[in-house]
Structures are given as structure tokens and as C-alpha cells.
Amino acid sequence: MSINNIIILFVIGLFNFNLLAANIYTIESKYLTILASQEKMHYRGNVVLTASNFIINSSELEFIKKTREDLMRFTNLTIIQLSKDKKQKLTISGDKAEYFIKGKFIITGNVKFSDGENSIQAQKITYNSVNRTIEAVQVQDKQVKVVIKANE
């Protein structure tokens, strides 16, 4: 298998990540504040969001209902996407993230997408599930880093 095929398969795996793919969610945290007048729920302290196909660990999670688009905002985020047999398939981590319900996911600060030995590291990654694009950006003098392990 050529390195180009491996890169394409890795990127396709990233594109298949979707927070809305699950039907049932469970959210656990130390604190929950509901601000009905602002249509906002704010979870704080060891937040764990679990669904059939992923687990999200975060120090904070906000659900915000906006006029144009609903939004989930995370702090200190780790997402583990699970395969059908519940094995780890993809890991995404970063300092902060915003997930817009219509399909845009922006992760900032020490961002890493990984499916085991393959990874993308950047200071900011924007993923759009509608048009299936990933944009990785680094700041200052650092570079975006992509690691692809070739099959032997």
C-alpha cells in the first residue's frame, strides 16, 4: 500500500467522526448549572459524556442554544471514538473546542487527532463534517505535524 493510500485512509477515518451519530447520551459531572433564560446548561468538574460510539472527557461542557445554531463548548477535551466492537478507533484532544450542531468542529490549543500510530498535531484544527474538510493551523514558528505509518 502506498503512502498516499495510507494518508487517504487516515483522513477518511477522521471524516467519519460525528458527535451526532449516537441516539442516547449520558453526561456525568460534579456540577450542573441550568440557565433556562439563556437556554444554557453548564457542566463542570470531571465531565464525562458517553454515547454508543464515543466517550468525551472534559473539565467543562456547555450546551448553548443559539438563534442560528446550537453549540457545545468544551474545555480540556479528550474524545475517544469507539468502533462497533467497542475498541478505540480515534482519539482527539485539545485545550478548548466548539462543536456547532450543523457540523463544524473547532479545536484549539495542543490539538492532536490520532488513530494509533497515525496522527495530526496542530495548534488549531477546524473540521467541517458537511463539506468533509480538515484545516490544521500552527502558530508562531511551529509547524503542523502529520505522522503516517506505512503498512509493511
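In this text the structure is predicted, and so the values were computed from the model without any measurement. (Residues numbered from 1 in each chain as written. Predicted model: local features only at pLDDT ≥ 70, side-chain atom pairs only at ≥ 80, totals over all residues. Heavy atoms only, no water.)

Chemist: Requested: an account of unusual backbone geometry, with residues and values cited.
Modeler: Positive phi is not limited to glycine here, since N46 has a value of about 50 degrees. By secondary structure assignment, the location of N46 is in strand β3 (residues 40-50). Among the residues examined, N46 registers a relative accessible area of 56% and is labelled exposed. The phi dihedral of N76 is positive, around 50 degrees, even though this residue is not glycine. Tracing the chain through its elements places N76 in strand β5 (residues 71-82). (Helix = DSSP H or I, 4+ residues; strand = E, 2+ residues; numbered from the N terminus. Buried < 20%, exposed > 50% of the residue type's maximum accessible area, 1.4 Å probe, protein only.)

Chemist: Run through the pairing of β3, naming residues and quoting values.
Modeler: Where strand β1 (residues 26-28) meets β3, three bridges bridge the pair, whose relative direction is antiparallel. Across the sheet, residue I27 finds its bridge partner in β3, namely L49. In the sheet, strand β2 (residues 31-35) pairs with β3 via five bridges, with the strands oriented antiparallel. Bridging from a neighbouring strand, L32 pairs with Y43 of β3. Counting the residues between successive antiparallel strands, the hairpin from β2 to β3 contains four residues, one of them, E39, with a positive phi of roughly 50 degrees. Sheet topology note: the β3/strand β4 (residues 54-64) ladder contains nine bridges and is antiparallel. What sits directly across from T50, in β4, is I55. Connecting β3 to the next strand, β4, in antiparallel fashion are three residues. (Pairing = 2+ DSSP bridges.)

Chemist: Please provide a residue-by-residue account of the environment of V111, values included.
Modeler: Looking at where V111 falls in the secondary structure, it is placed in strand β7 (residues 104-114). Spatially, the C-alpha atom of V111 lies 5.3 Å from that of A122, the residues being 11 residues apart in sequence.

Chemist: Give a detailed account of the pattern of salt bridges, specifying residues and quantitative values.
Modeler: Applying the stated criterion across every chain yields a total of three salt bridges. Where K40 meets E62, a salt bridge forms, and the shortest distance between an N and an O atom there is 3.5 Å. Note that K40 is positioned in strand β3 and E62 in strand β4, a separation of 22 residues in sequence. On the accessibility criterion, K40 (21% relative accessible area) is partly exposed. Salt-bridge contacts for E62 lead to R73; the nearest nitrogen and oxygen are separated by 3.5 Å. (Salt bridge = Lys/Arg side-chain N within 4 Å of Asp/Glu carboxyl O.)

Chemist: Just give me the short version of the nonpolar core, but keep the residues and values in it.
Modeler: Judged by nonpolar contacts, the single largest core of 23 residues is most densely connected at F74, L77, F105 and I107. Elements with a minimum of two residues in this core: β3, β4, β5, β6 (88-100), β7 and β8 (119-128). (Core = buried A, V, L, I, M, F, W, Y, C linked by side-chain atoms within 4.5 Å.)

Chemist: Explain the side chain of S114 residue by residue, including any values.
Modeler: Take S114: it is sitting in strand β7. One polar contact links the side chain of S114 to the main-chain carbonyl oxygen of N118, over a distance of 3.5 Å. Setting aside its immediate chain neighbours within four residues, S114 contacts K89, L90, T91 and S119. (Polar contact = N/O pair within 3.5 Å; in protein donor to acceptor, adjacent residues only side chain to side chain. Contact = heavy atoms within 4.5 Å.)

Chemist: An account of the packing of aromatic side chains is needed here, citing residue identities and associated values.
Modeler: Applying the stated criterion across every chain yields a total of two aromatic pairs. Ring centres of Y43 and F63 lie 6.2 Å apart, and the angle between their planes is 80 degrees; this geometry places the pair in the edge-to-face category. One end of the pair, Y43, is in strand β3; the other, F63, is in strand β4, with 20 residues separating them in the sequence. For the ring pair Y99 and F105, a centre distance of 5.2 Å and an interplane angle of 90 degrees mean the geometry is edge-to-face. Given a relative accessible area of 4%, Y99 falls into the buried group. (Phe/Tyr/Trp six-rings, centres within 6.5 Å; stacked < 30°, edge-to-face > 60°.)

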